[in-house]
Amino acid sequence: MPDLLLELFSEEIPARMQAKAADDLRRMVTDKLVAEGLVYEGAKAFATPRRLALTVHGIPARQPDLKTERRGPKVGAPDAAVQGFLKATGLKSLDEAKIQRDPKGDFYIGLIEKPGRDAIDVLAEILPVIIRTFPWPKSMRWGARSGKPGSLNWVRPLHAITATFGPETEEPDVVKFEVDGIESGQTTYGHRFLAPAPISVRRFEDYEAKLLAAKVVLDPERRKDAILTDAKQLAFAQGFELVEDQNLLDEVAGLVEWPVVLMGSFEPEFLKTPDEVIRATIRNNQKCFVVRDPKTGKLASKFILVANIEATDGGATIIAGNERVIRARLSDAKFFYETDLKMKLEGRLPKFDQIVFHEKLGTQAERIMRIERLAAEIAPLVGADVAKATRAAHLAKADLLTEVVGEFPEVQGLMGKYYALAQGEDASVAAACEEHYKPQGPADRVPTDPVSVVVALADKIDTLVGFWAIDEKPTGSKDPYALRRAALGVIRLIAENALRLSLIKVAGSALAGLSVKPADASKLPSDLLAFFADRLKVQLREQGARHDLVDAVFALGGQDDLLMIVRRVEALGKFLDSDDGKNLLAGTKRASNILSIEEKKDKRSFDGAPDAALYSLAEEKALAKAIGEVKAEASAAVAKEDFAAAMSAMAKLRPPVDAFFDKVRVNDDDPKVRENRLKLLNEIRSATRAVADFSKIQD
């Protein structure tokens, strides 16, 4: 079957837009093809700085013919209705229609036959529409046509369109169309400097090979592999190792069509600046990679750049130009760092009095005071030194006002650690300045130093309680203050450090420190706890665990110790994976369903202890005895926080529950016996609630 080759050749496309643009082009073209009845076999899109390309193979040469039936008016309908029906269906007369009998009468049915069109004609129709409606985040108009209504908007000036279609065994045809004066053809261009001459192409294999010969590597993944391999080899040859950076690699691969890896250097005196500052300077300003000395683990005074040209001088001029710029930028960074060291962190804090954190939550200085107070309360619960935790909370945000962080925001926290160590602060205090932002995502490391954990918890809980108090909660997909991330951070800090905290008490303490109080302050901690339950379910789902078990545990009420909740959920999950657990769940659900029906029918609940004198069957007595023993044993195990033992106790209920439902008729003819047996079913539900609300567990 025929294949499509499409290329949109333009001025340089920003690197950050290329991957999405390629994916959008593939999606838009293939969706249109399928909508037109042209089901393809495969498609792949590519992007370089100057082109978007797409190949779609296995497209049918022609659309299938379509036959549809259209129901018309009743037999004997007015002439106007009949004429409208004939016009809509393309029939010449009613003789060409058939009559379909219906309970409401006889109706005319018209058969509409729509012959399929050649795929190349369909492509000529849909491709211009896709180009004109392409979803660039930013676009422009250019040239003489830009002032005319309906002129093309593209990310950068579009120069040429290549569009060919045909089978492998034949010479492909050009898909003929025109967009804003640009006519489609089969001519593209190679590297801007190394091979700028026009190139005539036919199909994708021919196109890719000719571009490679013209110094253009079409596939971005191939460019990335070439850059990474050459950079590693060049660093290794000089006795260094590359500091890999995937985001930078993605960006650089989008800046070049023919990557050429070179190495430059800078003065060793700049290495007195922290490695992270050097790396941020070189990365942000020149898009270059840094290398480290494997013997020391520290950065070397070298960098790796990726050029887009094979220079006649071996790249000497390119290297010299990059060295000149990097030298100037490192000089600035070194000046910023040395300037910052002249002032202690606490000396910067008064400026926070003039910086508003949020109009309803006060200044950044007020927030720091709240974090300090909350850290002092949490520290004993975590086993951290109160004085160190308070000191760390006091200094943690100070580096936000330094010159280096102002220039490179990505090193906030880290610079706080460096400056704290430089002024002689305790190592734990310095570490907390960096780590209190962590974890910032599911893959981020969780702090383990008690002081860091305290400040991280205080920071996140203050944020959550503050925005809850002013009713700025996440809604749908919107979470402008990253409150979901903060809640997940709290959960991970507690779970991975095995901390015992009452979230309701800590949230209450945080609320007490706020100058603004919500209308119903008493509901805030429990409302926030429900939010934590939702976040915990999300985390468990991502870990492959059963999130419905969180509902089963939270439904018991009074559950605000996240560590115990997690452990109870884990034990419950293991229990329900066993045969005893599955069967007990089924029995409990059956008891709950019967109770629900009968309670609704009688408009009453069946609380209260059953009357042992009314037990007439051995299965009733055995179940009642087992419930009493299991409830006591499970409750004692839960009190000791031995949830595995509690689940083992629950397993003892399975045989008597199975026997009860097998031998006992609950809705006995005697009303007293019936009521007593329903109370016994309620006892099953009550016994299992020692560990969880089984009605919340999905089958």
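Above this text you will find the structure in question.
A brief report on the enclosed structure follows. (Residues numbered from 1 in each chain as written. Predicted model: local features only at pLDDT ≥ 70, side-chain atom pairs only at ≥ 80, totals over all residues. Heavy atoms only, no water.)

## Here's the deal with the sheet that holds strand β5 (residues 98-102)
Here is the rule: When DSSP finds two or more bridges between a pair of strands, those strands are recorded as paired. We count a stretch as a helix when DSSP gives it H or I for four or more residues in a row; a strand needs E for two or more, and each element gets its number in order from the N terminus. The axes are straight lines fitted to the C-alpha atoms, using for helices just the contacting stretch, and the angles between their N-to-C directions are given from 0 to 180°.
The sheet built from three strands is open, its strands ordered β4-β6-β5 with antiparallel pairing. Strands with a single pairing partner mark the edges of an open sheet, and in this sheet they are β4 (66-74) and β5. The mean inter-strand angle of the sheet, taken between neighbouring strand axes irrespective of direction, is 35 degrees. Here β4 runs beside strand β6 (residues 105-114); their pairing, made up of seven bridges, is antiparallel.

## Considering helix α15 (residues 450-469)
Which entries qualify depends on this criterion: An expected span of 1.5 Å times one less than the residue number is assigned to each helix. Burial classification: accessible surface area is computed with a 1.4 Å probe over protein chains only, and a residue below 20% of its type maximum counts as buried, one above 50% as exposed, and the rest as partly exposed. Pairs of N or O atoms within 3.5 Å make up the polar contacts considered here, provided that, within protein, one atom can donate a hydrogen while the other can accept it, and that residues adjacent in sequence are counted only when both atoms are side-chain atoms.
Between its first and last C-alpha atoms α15 spans 28 Å; for 20 residues at 1.5 Å apiece the expected length is 28 Å, and the two agree. The buried fraction of α15 amounts to 19 of the 20 residues, a majority that puts the element mostly inside the structure. The N-terminus of α15 is capped by D449, whose side-chain oxygen sits 2.9 Å from the backbone nitrogen of V451.

## Quick word on the pairing of strand β7 (residues 158-166)
Within β7, eight of the nine residues are buried, leaving the element largely enclosed by the surrounding structure. Taken together, the two bridges between β7 and strand β8 (residues 173-174) define a ladder with antiparallel strand orientation. Opposite T164, over in β8, you have V174 as the bridge partner. In this antiparallel pair of consecutive strands, β7 and β8, the connection spans six residues.

## Observations concerning the environment of E12
Threshold: Pairs of residues are marked as contacts when any of their non-hydrogen atoms sit within 4.5 Å.
Considering the arrangement of structural elements, one finds E12 in the loop between β1 (3-10) and α1 (15-35). With 622 residues separating them in the primary sequence, E12 and A634 have C-alpha atoms 69 Å apart. Ignoring any residue separated from it by four or fewer positions in sequence, one finds E12 in contact with P49, R50, R156 and R192. Polar contacts involving the side chain of E12 include one to the side chain of R192, which spans 2.9 Å.

## Section: the sheet that holds strand β14 (residues 260-265)
Within a sheet, each strand pairs with its neighbour through backbone hydrogen bonds, oriented either parallel or antiparallel. Spatially, β13-β15-β16-β14 is the arrangement adopted by the four strands of the open sheet, whose pairing is antiparallel. Unpaired on one side and paired on the other, β13 (241-242) and β14 mark the two borders of the sheet. In this sheet, strand β15 (residues 289-292) lies alongside β13 in antiparallel orientation, the contact comprising two bridges. Counted as the bridge partner of L242 is V291 from β15. Where helix α7 (residues 275-286) meets the sheet, it contacts β15 and β16 (299-307), and its direction lies at approximately 15 degrees from that of β16. Contacts between helix α8 (residues 316-341) and the sheet are confined to β14 and β16, with β16 contributing the most and set at about 125 degrees to the helix.

## Observations concerning the nonpolar core
Put simply, the test is: We define a nonpolar core as any set of buried Ala, Val, Leu, Ile, Met, Phe, Trp, Tyr and Cys residues linked to one another through side-chain atoms lying within 4.5 Å.
Ranked by internal contacts, the top residues of the largest apolar core, which has 124 residues, are L457, L572 and L681. The biggest single contributor to this core is α15, with 13 residues. Apart from residues no more than four positions distant in its own chain, L457 is found in contact with I378, V490, L493, I494, L499 and L501. Residues A22, A119, L152 and W154 belong to the second largest nonpolar core, which totals 37 residues.

## Let's talk about helix α11 (residues 386-395)
Among all positions of α11, only A389, A392, A393 and L395 are buried. For α11, the elements touching its buried residues are α9 (345-348), α10 (364-382), α14 (427-435) and α15. Put simply, D385 is the residue that caps the front of α11, since its side-chain oxygen is 3.0 Å from the backbone nitrogen of A387.

## Comments concerning the packing of aromatic side chains
The test is simple: When two rings of Phe, Tyr or Trp (its six-membered ring) have centres within 6.5 Å they constitute a pair, described as stacked for plane angles under 30 degrees, edge-to-face for angles over 60, and tilted for the intermediate range.
Per the stated rule, a full pass over the model turns up twelve aromatic pairs. Residues F467 and Y481 carry aromatic rings whose centres are separated by 4.1 Å and whose planes lie at 15 degrees to one another, so their mutual orientation is stacked. Of this pair, F467 sits in helix α15 while Y481 sits in the loop between α15 and α16 (483-496), and the two are 14 residues apart along the sequence. Looking at Y481, the relative accessible area reads 32%, which means it is partly exposed. Judged by centre distance (4.6 Å) and plane angle (50 degrees), the rings of W468 and F531 are tilted. Taken together, the positions of W468 in helix α15 and F531 in helix α18 (residues 524-542) put the pair 63 residues apart, joining distant regions of the chain.

## Quick word on the pattern of salt bridges
Basically, it comes down to this: Within this document, salt bridges are pairs made up of a side-chain nitrogen of Lys or Arg and a carboxyl oxygen of Asp or Glu, the two lying within 4 Å of each other.
On inspection of all chains with the given rule, the structure shows 60 salt bridges. In this structure, the salt-bridge partner of D275 is K298, at a minimum N-O distance of 3.7 Å. Of this pair, D275 sits in helix α7 while K298 is found in the loop between β15 and β16, placing the two residues 23 residues apart along the sequence. By relative accessible area, which is 13% here, D275 ends up buried. The class of K298 is partly exposed, set by a relative accessible area of 46%. It is possible to trace a salt-bridge network through shared partners that takes in R367, R370, K397, D459 and D462.

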